[in-house]
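# Per-entry structural report
If you want the building blocks of each chain, they are given just below.
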Amino acid sequence: MGEVCVRVAVRIRPLLPKEVLHSHQVCVRVVPDSAQVMLGSDRTFPFDHAFGPSASQGQVYESCVKPLVVSLVEGYNATVFAYGQTGSGKTYTLGGGHIASLPEEQSGIICQVAADLFLLLGERKAVDIRAVAEVRVSYVELYREELRDLLELHTAHKELHIREDERGNTVVVGAREAVISSAEELLGVLEAGNALRHTGPTQMNERSSRSHAIITLQLTQHHHDDGSIRSSKLHLVDLAGSERAARTGNTGTRLKDSVHINTGLLALGNVIRALSDPHRRNHVPYRDAKITRLLRDSLGGSAHTLMLACVSPSHHSVMETLSVLQFASRAR
Ligand code: ADP
Ligand code: MG
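Let me sum up the structure you'll find in this document. (Residues numbered from 1 in each chain as written. Chains lettered and ligands numbered in written order. Predicted model: local features only at pLDDT ≥ 70, side-chain atom pairs only at ≥ 80, totals over all residues.)

## Focus on helix α2 (residues 57-73)
- Along α2, the sharpest change in direction is near 50 degrees and occurs at Val65; proline Pro67 comes one to four residues later.
- Those residues of α2 not exposed but buried are Gln57, Val60, Tyr61, Cys64, Val65, Leu68, Val69, Leu72 and Val73. (Bend = angle between axes of the 7 residues up to and from the residue. Helix = DSSP H or I, 4+ residues; strand = E, 2+ residues; numbered from the N terminus. Buried ≥ 20, exposed ≤ 12 C-beta atoms within 10 Å, placed from the backbone.)

Now the structure itself:
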């Protein structure tokens, strides 16, 4: 991936059966044989990757996420985040919904990351029998600028803090890290986290549209030849629905949510933009929101970042899709 640290992919999901039933029209397409997306009949947006409704989960993973898993094993930090309006396919693409129970062709990024990570570590071990690798996972939710541990049932309401250690690594103090030794085990742990995420007074969709969910895989590799220890991590982030940002007319709780989501998504956009512009490298505004503080050591520097912008093809969502495409193109 060379010098490029931020890549942007757009995925247009298919019309859903109920949208077909209600005669929704398709208003956004991939320009054939290109990485460009066309909105309506004349507005085009160039990206690093563009996936249309017939793209498979495997295609999305292989072309934009697998390289990050390879670089994770090589010792680099990486972040994948899914951005888009509620219902655009973020959770589907990440595969964070019903992790363990999906048919294989629907299994998303998380399942494929889990499988490939342990495959790659196994290959390392085959070459050097003494190579030792430890994989740990944490899973937190960020709702109204407050962190909640999704792997710790009883301390879910304990306060978590973001700290930077002496080597510049970001750590979430108080978050449980589960040590895992296989893909299945990893998926099981995340499934339990999802169950916790979806309990409580707020309904699943309501809550997941207003909070960010962050899975962090921390890899520590001990190399016996030279005694070195290499640490790297990969974040997989399911962001709050982009329609919550900058929306006017919300009141009460929703207004409060919108303010926080706005802060988070805007801060993320500003950080990504600063990283994409070589002249502004010194002024990356990480501290503006918790989401950017949390991802700090995995955004910029030698880290690889993938923004996966998800959009609905329906003409009913045309304004939201326009704003997502604009946000995503500003990130490049
Ligand atoms: P979000 O997480 O952005 O709110 P979801 O991932 O829940 O959106 O997707 C909304 C609906 O669209 C779900 O029913 C999901 O199964 C479906 N969907 C999303 N992307 C695709 C796709 N690429 N192919 C088929 N169905 C999809
Ligand atoms: Mg979702």
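## Observations concerning the packing of α2 against helix α4 (residues 109-127)
- Two numbers describe how α2 lies on α4: the axes approach to 10 Å, and their chain directions differ by 40 degrees. Looking at the two axes, α2 sits oblique to α4. Here α2 and α4 pass one another in a crossing that is right-handed. Only Ile109, Gln112, Val113, Asp116, Leu117, Leu120 and Leu121 of α4 make contact with α2, whose side of the interface consists of Tyr61, Val65, Lys66, Val69, Val70 and Val73.
- Per-class residue counts for the contact of α2 with α4 are 10 nonpolar, one polar and two charged. (Axes fitted to C-alpha atoms, helices over the stretch in contact; angles between N-to-C directions. Parallel < 35°, antiparallel > 145°, perpendicular 65-115°, else oblique. Left-handed = near helix turned anticlockwise from the far one by under 90°. Contact = placed C-beta atoms within 7 Å. Nonpolar A, V, L, I, M, F, W, Y, C, P; charged D, E, K, R; others polar.)

## As for the sheet that holds strand β2 (residues 28-30)
- On the basis of which strands lie adjacent, the open sheet formed by three strands has the order β2-β3-β4 and antiparallel pairing. Edge positions in the open sheet fall to β2 and β4 (43-46), since each of these has one partner strand only. In this sheet, neighbouring strand axes are inclined to one another by 25 degrees on average, regardless of whether the strands run parallel or antiparallel.
- When β2 meets strand β3 (residues 36-39), the two strands line up antiparallel, connected through three bridges. When the bridges of β3 are listed, Arg29 appears paired with Met38. (Pairing = 2+ DSSP bridges.)

## Here we look at the site of ligand 1
- Close to ligand 1 lie Arg13, Pro14, Leu16, Gly84, Thr86, Gly87, Ser88, Gly89, Lys90, Thr91, Tyr92 and Cys310, which account for all nearby residues.
- Of the residues forming the shell around ligand 1, the biggest block, three residues, is contributed by helix α3 (residues 90-94).
- The class makeup of the residues in the shell around ligand 1 is four nonpolar, six polar and two charged. (Near = placed C-beta within 6 Å.)

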